[in-house]
Amino acid sequence: MSLEAGVASAPSAAQPAKPAAIASYTRARAAGAREERVRIPAAAVVPPAASPSSAPAPEPAPRWPRWLAGAALLLAAAAFALRRRARLQSNEVLAVAAHELKSPLAALESYLALMQQEGKAGGAADTRAWLEDVGHMRTTAAHLRRTIGDILEMTRLDDARIKLEPRPMDLAESARRSAEAFRALAAESRIELTLRAGPAPAWGDPTRARQILDNLVANALRHAPESGTVTVSTGSDGSGRAWCEVTDDGKGVPQAGRARLFTRFARLSPPLRGEPGTGLGLYIGRALARAQGGDLEYASGPAARGARFRLTLPSTRDA
Amino acid sequence: MSAPAPLVLVVDDSDDYRRIISRVLAAGGYRTVSAASAEEAREILTARTPDAALLDWNLPGESGVELSRWMRGDPRWSRLPIMILSVNSRVEDQANGLRLGDASAYMVKPFPPDELLSRLRALLKRRAGAGGAAR
């Protein structure tokens, strides 16, 4: 943080002595001390070091104006509080992530316990049931792997370590490819997947746009009812933005849960089919969209049935 | 004619756990009816009358603990044996789960299949011995 870096910069001969509080804070930071233990004393100004007796009488030491010392102390305290808050939030996310990993791991352990018990009871000959269990365990392990992948993606996004390659792109083409990728899965679930592609020239990273759309279509297919419909449509609005909407005719998101929809690990309703999501897809999707100058929103009306998600991207670099 | 096997309501958003618990309970001589959310469970409760309920704490939307609390407010389920299941294994989690949900028991996932059966059996026995009061 630049604010903190400015406060805790190394002392130099050309600069006046730092207030004791800041020097102590800097030393504590350099020594890796816990920030909770850094104390900020009331005294704000350090007297200059004593000169050798043979030297000519020194000039009066420069003193920091009181207001400047006070401001520096306030800045140091604010930086301390900000870092502490960030660390608490980070710990909270870590706790939730750990819980998300514990659940599938517990399921794997329970499968193994069940197989072991059935084996002891003489069920070892029932290899078909065991093979089914192994299949379920593989699915669960894959879910665990996806969750870990999404957690890593989330941390990269939070730390702004995702490299985007924006360029002129066709959002309609991304939508078409995404719809095609899921067509077989939709047919298997007897869901009608419709593409209504209007012109949607955009400025964005096609790979990341596709990642967002794939997640939206996969979600829609999980929540659409049997023999339901999922529609992917694209276009450009009057303000020079390209958009893509993915709608389904499932239950939609309850009004009460919409505020949490794009938060980490938000799962508001169980899917009707397929594997549950990791709870990070929409969070990641919105972060990716915003990093490209666009947005991802829930666009269903208050009383509307079904879910409608809308991805927007700028149509040009300067839009 | 013998009495039908006890019916257990299993509420868990994990396909794995609904499958595992149903299999363990079937092996122990129980019938099960399962739901993936509190909302689904409420629908089931309008038509079925379970003898016990196993509720996962962390459900999408309304939690298992909230569902348990809601059930306790209904005279039909106020004395039903309710067990909260969760991967939250700290003692304070267990105390909170029991207190907030007014549940009969708490079990940490993963659990040995035998232990689930023995604890469920004990709850049902206690309820039968107390003339329908399991809490």
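Parameters at a glance
Residues numbered from 1 in each chain as written. Chains lettered and ligands numbered in written order. Predicted model: local features only at pLDDT ≥ 70, side-chain atom pairs only at ≥ 80, totals over all residues. Helix = DSSP H or I, 4+ residues; strand = E, 2+ residues; numbered from the N terminus. Buried ≥ 20, exposed ≤ 12 C-beta atoms within 10 Å, placed from the backbone. Contact = placed C-beta atoms within 7 Å. Pairing = 2+ DSSP bridges. Axes fitted to C-alpha atoms, helices over the stretch in contact; angles between N-to-C directions. Parallel < 35°, antiparallel > 145°, perpendicular 65-115°, else oblique. Left-handed = near helix turned anticlockwise from the far one by under 90°. Nonpolar A, V, L, I, M, F, W, Y, C, P; charged D, E, K, R; others polar. Core = buried A, V, L, I, M, F, W, Y, C linked by C-beta atoms within 7 Å.

Looking now at the overall build of chain B. Scanning chain B for helices and strands turns up 5 helices and 5 strands. Put simply, chain B runs from its N terminus to its C terminus through helices and strands in the order β-α-β-α-β-α-β-α-β-α. Relative to its full complement of 135 residues, chain B shows a buried share of 44%. Once local pairs closer than 6 in sequence are excluded, the contacts in chain B between residues at least 24 apart make up 57%.

Each helix and strand in chain A was counted, giving 7 helices and 7 strands. For chain A, contacts bridging at least 24 residues in sequence account for 72% of all contacts bridging at least 6.

All names here are of chain A. Reading across from one edge, E2-E4-E5-E7-E6 is the order of the 5 strands in this open sheet, with mixed pairing throughout. Each of the sheet's edge strands pairs with one partner strand only, and the pair in question is strand E2 (192-197) and strand E6 (295-298). In this sheet, adjacent strand axes meet at a mean angle of 15° when their direction is disregarded. In this sheet, strand E7 (residues 308-314) lies alongside strand E5 (residues 241-248) in antiparallel orientation, the contact comprising 7 bridges. By the bridge assignment for E7, Val246 is matched with Phe309. Across the sheet, helix H5 (residues 171-188) lies against E2, strand E4 (229-236), E5 and E7, angled at about 170° from E2, the strand it touches most. Along the sheet, helix H6 (residues 206-223) contacts E4, E5, E6 and E7; its crossing angle with E5, the most-contacted strand, is approximately 20°.

Contact geometry for helix H3 (residues 66-120) of chain A and helix H1 (residues 15-27) of chain B: axes closest at 10 Å, N-to-C directions at 25°. Our classification of the angle between H3 of chain A and H1 of chain B gives roughly parallel. In the crossing of H3 of chain A with H1 of chain B, the sense of the turn from one axis to the other is left-handed. The residues of H1 of chain B that touch H3 of chain A, namely those facing Ala107, Ser110, Tyr111 and Leu114 of chain A, are Asp16, Tyr17, Ile20, Arg23 and Val24 of chain B. Classifying every residue of the contact of H3 of chain A with H1 of chain B by side-chain character gives 6 nonpolar, 1 polar and 2 charged.

Another point: the interface of chain B and chain A. Of the residues lining the interface, 18 residues belong to chain B; the matching set on chain A comes to 19 residues. Residue assignment for the side of chain B that touches chain A shows that the elements contributing at least two residues are H1 and helix H5 (113-129) of chain B. Considering only residue class, the side of chain B that touches chain A consists of 9 nonpolar, 3 polar and 6 charged.

On to the nonpolar core. One finds Leu171, Val217, Cys244 and Leu311 of chain A to be the most contacted residues of the largest nonpolar core, which totals 42 residues. Among the elements that line this core, the one with the most residues is H6 of chain A, at 8 residues. Counting residues in each nonpolar core, the second largest holds 40 residues, with Ala38, Trp57, Val65 and Ala103 of chain B among its members.

Right, let's get into the packing of helix H3 (residues 64-72) of chain B against helix H4 (residues 91-101) of chain B. Residues and elements named next belong to chain B. Interaxial distance between H3 and H4 falls to 8 Å at its minimum, and their mutual angle equals 35°. Where H3 approaches H4, its residues Val65, Ser68 and Arg69 are matched on the opposing element by Gly97, Leu100 and Gly101. Residues of the contact of H3 with H4, tallied by class, amount to 2 nonpolar, 3 polar and 1 charged.

The next point concerns the sheet that holds strand E2 (residues 31-35) of chain B. Residue and element names in this part refer to chain B. Spatially, the 5 strands line up as an open sheet ordered E2-E1-E3-E4-E5, and their pairing is parallel. A single partner strand is all that each edge strand has here, and the edge strands are E2 and strand E5 (105-108). For this sheet the average axis-to-axis angle between neighbouring strands, irrespective of direction, equals 20°. Packed on one face of the sheet, H1 meets strand E1 (7-11), E2 and strand E3 (52-56) and runs near 170° to E2. Those strands touched by H3 are E1, E3 and strand E4 (82-86), and its axis lies near 170° from that of E4.

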